[in-house]
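Observations on the three-dimensional arrangement
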Amino acid sequence: QVQLVESGGGSVQAGGSLRHSCAASGYTYGVYCMGWFRQAPGKEREGVAAIFAGGGRTYYSDSVKGRFTISQANAKKTLYLQMNSLQAEDTAMYYCAADLRPSSTCSRHYATYKYWGQGTQVTVSS
């Protein structure tokens, strides 16, 4: 079992930056992929970014590519999402997630991730 605790959410003006973090504990050595998802009111949970622990490959949604950076540190115990040039459309509840499924790639669909953080709100105002 993996436990995920998020921090770093908050409010920021458009064009600003936030750094989201996710601390993992438990069966962390079994984590294959870790990802960030977000969900705005009335919308489905959207994959934002993911990182493959085995090789460090990263994945980004088109909407955040070039602005967000996912990274991992401390032997998969800490996950980061650096968010730059934030826009109003980035406003959402953000979740980190861990996938223990053995695979060569990371899924961008939320249903494949078994373990989730509690979620933190990110609000971007104009």
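As a reminder, the structure under discussion sits directly above these lines.
Per chain, the residues get numbers from 1 upward, laid out in the order the sequence is written. Per-residue local features are limited, in this predicted model, to residues with pLDDT of at least 70; the limit for side-chain atom pairs, both in listing and counting, is 80 or more; totals at the level of whole chains, interfaces and linings are taken over all residues. With hydrogens and water stripped out, all remaining heavy atoms of the structure feed into the side-chain values.

Buried Ala, Val, Leu, Ile, Met, Phe, Trp, Tyr and Cys residues form a nonpolar core when they are joined through side-chain atoms within 4.5 Å. Residue exposure (1.4 Å probe, protein chains only): buried if accessible area is under 20% of the type maximum, exposed if over 50%, otherwise partly exposed. Core analysis: the largest hydrophobic core is formed by 27 residues, its most contacted members being Leu4 and Leu81. Those elements giving two or more residues to this core turn out to be strand 1 (2-7), strand 3 (18-26), strand 4 (33-39), strand 5 (46-52), strand 7 (68-73), strand 8 (78-83), strand 9 (92-99) and strand 11 (120-125). Secondary structure elements follow DSSP: runs of H or I no shorter than four residues count as helices, runs of E no shorter than two count as strands, and numbering proceeds from the N terminus. A per-element tally of this core places strand 9 first, with four residues. Throughout, a contact is declared for two residues whenever any of their heavy atoms are within 4.5 Å. If we skip the residues at most four places from it in the chain, Leu4 touches Cys22, Ala23, Ala24, Met34, Cys96, Ala97, Ala98, Tyr115, Trp116, Gly117 and Gln118.

Secondary-structure assignment places His20 in strand 3. Taking the relative accessible area as the measure of exposure, His20 reaches 0% and is therefore buried. Side chain to side chain, His20 and Thr120 meet in a polar contact 2.3 Å long. Counted as a polar contact is a pair of N or O atoms within 3.5 Å, where, for protein atoms, one must be capable of donating a hydrogen and the other of accepting one, and residues adjacent in sequence contribute only when both atoms are in side chains.

What follows deals with empty space enclosed by the protein. Cavity: a set of points on a 1 Å grid over the protein atoms alone where a 1.4 Å probe fits but cannot get out. Pocket: an open set with protein on both sides within 12 Å along at least five of seven lines, its lining residues, like those of a cavity, having an atom within 4 Å of a point. Grid points are joined across faces, edges and corners, and a volume is the space filled by probe spheres set on the points. Inspection of the entire model under this criterion finds one cavity of 30 Å³ or more. The volume enclosed by the largest cavity comes to roughly 30 Å³. Around the largest cavity, the lining residues are Phe37, Gly47, Val48, Ala49, Ala50, Ser107, Arg108 and Tyr113. In terms of residues, the lining of the largest cavity owes the most to one element, strand 5, which gives four residues. Only Asp, Glu, Lys and Arg are considered charged, only Ala, Val, Leu, Ile, Met, Phe, Trp, Tyr, Cys and Pro nonpolar, and every remaining residue, Gly among them, polar. Grouping the amino acids of the lining of the largest cavity by side-chain chemistry returns five nonpolar, two polar and one charged.

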